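Residue strings, one per chain:
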Amino acid sequence: MVITAALVVVALAVVLGARWLRTLEGVQEFIATYDGHASQPATAPAGMPWWLGWQHFFNMFLIVLIIRTGLQVRTERKPPGYWTAKKDSFFSPKGNTPKKVSLSQWLHQSLDVLWVLNGIIFVVLLFATGHWMRIVPTSWDVFPNMVSGAIQYASLDWPTENGWVHYNALQVMAYFTTVFIAAPLAIISGLRFSTWWPERAEKLTKAYPVEWARAVHFPVMLYFVAFTIVHVFLVFFTGALRNLNHMYTSRDVVDWWGLVIFLVSLVVIAAAWFLTQPMFTTPIAARTGKISK
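These remarks concern the structure in this document.

The rules behind the values
- Residues numbered from 1 in each chain as written.
- Predicted model: local features only at pLDDT ≥ 70, side-chain atom pairs only at ≥ 80, totals over all residues.
- Heavy atoms only, no water.
- Helix = DSSP H or I, 4+ residues; strand = E, 2+ residues; numbered from the N terminus.
- Buried < 20%, exposed > 50% of the residue type's maximum accessible area, 1.4 Å probe, protein only.
- Contact = heavy atoms within 4.5 Å.
- Areas by Shrake-Rupley, 256 points an atom, 1.4 Å probe, with all protein chains shown as cover.
- Lys, Arg positive; Asp, Glu negative; His and termini not counted.
- Charge placed at Lys NZ, Arg CZ, Asp CG, Glu CD.
- Axes fitted to C-alpha atoms, helices over the stretch in contact; angles between N-to-C directions.
- Left-handed = near helix turned anticlockwise from the far one by under 90°.
- Nonpolar A, V, L, I, M, F, W, Y, C, P; charged D, E, K, R; others polar.
- Parallel < 35°, antiparallel > 145°, perpendicular 65-115°, else oblique.
- Pairing = 2+ DSSP bridges.
- Core = buried A, V, L, I, M, F, W, Y, C linked by side-chain atoms within 4.5 Å.
- Salt bridge = Lys/Arg side-chain N within 4 Å of Asp/Glu carboxyl O.

1. Focus on the overall build of the protein
For step 1, the next point in the chain: Check the secondary structure of the protein and you find 11 helices and 3 strands.
For step 2, the next point in the chain: Considering only C-alpha atoms, the protein reaches an extent of 65 × 40 × 40 Å along its principal axes.
For step 3, the next point in the chain: The buried share of the protein, taken over its 293 residues, is 41%.
For step 4, the next point in the chain: Sequence-distant contacts in the protein: of pairs separated by 6 or more residues, those separated by 24 or more amount to 72%.
For step 5, the next point in the chain: Of the roughly 16,900 Å² of accessible surface on the protein, 72% is carried by carbon and sulfur atoms.
For step 6, the next point in the chain: Positive and negative charge centroids in the protein, built from 22 and 14 side chains respectively, lie 20 Å apart.

2. Notes on the side chain of N118
For step 1, the next point in the chain: Counting through the fold element by element, N118 comes out in helix α4 (residues 103-129).
For step 2, the next point in the chain: Contact partners of N118, with chain neighbours within four places excluded, come to Q55, F58, N59 and L62.

3. Overview of unusual backbone geometry
The phi angle of most residues is negative, glycine excepted, and most peptide bonds adopt the trans form.
For step 1, the next point in the chain: One non-glycine residue, D88, adopts positive backbone phi at about 55 degrees.
For step 2, the next point in the chain: Here D88 shows up in the loop between β1 (82-85) and β2 (100-102).
For step 3, the next point in the chain: Despite not being glycine, S250 has its phi angle at roughly 55 degrees, a positive value.
For step 4, the next point in the chain: By secondary structure assignment, the location of S250 is in the loop between α9 (240-248) and α10 (257-275).

4. Some points on the packing of helix α6 (residues 169-192) against helix α8 (residues 210-237)
For step 1, the next point in the chain: One can describe the packing of α6 onto α8 by two numbers: an axis separation of 8 Å at closest approach and a directional angle of 145 degrees. For the pair α6 and α8, the crossing hand works out as left-handed. For the pair formed by α6 and α8, the contact residues are A174, Y175, T177, T178, A182, A183, L185, A186, S189, G190 and R192 on the first element and V210, A213, V216, H217, V220, Y223, F224, F227 and H231 on the second.
For step 2, the next point in the chain: Along the lines of polarity and charge, the residues of the contact of α6 with α8 split into 13 nonpolar, 6 polar and 1 charged.

5. Digging into the environment of H37
For step 1, the next point in the chain: Positionally, H37 belongs in the loop between α2 (25-33) and α3 (50-75).
For step 2, the next point in the chain: Sequence separation between H37 and N162 is 125 residues; the distance between their C-alpha atoms is 10 Å.
For step 3, the next point in the chain: Setting aside anything within four residues of it in sequence, one finds H37 in contact with N145, P159, T160, H166, Y167, N168 and A169.

6. Description of the packing of α3 against α8
For step 1, the next point in the chain: Interaxial distance between α3 and α8 falls to 11 Å at its minimum, and their mutual angle equals 135 degrees. If you check the angle between α3 and α8, you find them oblique. Crossing of α3 over α8 shows left-handed handedness. Judged by residue contacts, H56, I63, I67, L71 and R74 of α3 engage F218, M221, F224, V225 and H231 from α8.
For step 2, the next point in the chain: Residue composition of the contact of α3 with α8, grouped by class: 7 nonpolar, 2 polar and 1 charged.

7. Description of the pairing of β1
For step 1, the next point in the chain: Note that β1 and β2 share 3 bridges and pair antiparallel. By the bridge assignment for β2, T84 is matched with K100.

8. Considering the nonpolar core
For step 1, the next point in the chain: Of all hydrophobic cores here, the largest spans 33 residues; its most connected members are F61, W83, W115, F224 and Y248.
For step 2, the next point in the chain: Among the secondary structure elements, those contributing two or more residues to this core are α3, β1, α4, α6, α8, α9 and α10.
For step 3, the next point in the chain: The dominant element in this core, judged by the number of residues it contributes, is α3, at 8 residues.
For step 4, the next point in the chain: Apart from the residues lying within four places of it in its own chain, the contact partners of W115 are N59, L62, I63, I66, A183, A186, I187 and F224.
For step 5, the next point in the chain: In this structure, L126, I135, W164 and Y167 belong to the second largest nonpolar core, which totals 12 residues.

9. What to know about the pattern of salt bridges
For step 1, the next point in the chain: Counted by the stated rule, this structure contains 3 salt bridges.
For step 2, the next point in the chain: In this structure, D157 and R22 form a salt bridge, with 3.5 Å as the shortest nitrogen-oxygen distance. Here D157 is found in the loop between α5 (142-154) and α6, whereas its partner R22 is found in the loop between α1 (2-21) and α2, with 135 residues between them in sequence.
For step 3, the next point in the chain: Judged by relative accessible area, which is 44%, D157 ranks as partly exposed.

10. Regarding the sheet that holds β1
For step 1, the next point in the chain: A sheet is described by the order of its strands in space; here 3 strands give the open sequence β2-β1-β3, paired in antiparallel fashion. Each edge of the open sheet carries a strand with a single partner, namely β2 and β3 (289-292). Between one strand axis and the next, the sheet turns by 30 degrees as a mean value, whatever way the strands run.
For step 2, the next point in the chain: Running over the sheet, α4 touches β1, β2 and β3 and is turned about 85 degrees from β2.
For step 3, the next point in the chain: Packed onto the sheet, helix α11 (residues 278-286) meets β1 and β3 and runs at close to 140 degrees relative to β3.

Written out as structure tokens, the structure is:
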């Protein structure tokens, strides 16, 4: 209760402070000069291709389950069971002694494989179609525009949105950070304490202690949670129907189809959440390794 009250007070102070700043002539001139939208190449494509909608769904589907299983691995004291990979298999590369891990970690790693595969496809399509220009900063004016955008958001008088054509600077930096910094950090840190880590690589193991990986992996997970919360909030409060159509139907229109597909996707994710229980995952895990109590 005290924490909630403190957060409300801080939020109120930020809003009032930002609104006061916007009364200053210098700040008004700054926002007029930098409206919050950084320069992007003239050849940057507009719109959302069909594959981006599917990628968005698969990424949301997987990241929700990955966060859930990651928290299970971190917090469970008595796992429902253990799994040991088959020797010289996909989960236990040649030269490694098969590791015994919890069923939760097996599921977490399996979902990670699908997430990484989805990410590789996304990055390839991003550069093949030129859509990388929409989420990679290409001009130094991204920084003053980020400041301008932050003041506008904090004052609750938000930048004009037209994500179909041009993301604002804060969006560009958030997407760039998520795709090209947070995701690789999650992969590199997670690999360190996975069953794939080459146990005979003594020099590599010494140079990259598992404690370093753990110190990175959990904060990166928190970043993804925070990004998701803010992202969903802004999608619904900056024109929900249009934004959801951008994301799920690849159309720049205002109708209900994007919302319908979004709600269906939530049902699919909820069903997958239910199916990640041990009674359903154990038979699948048994096909790739040995199950024990």
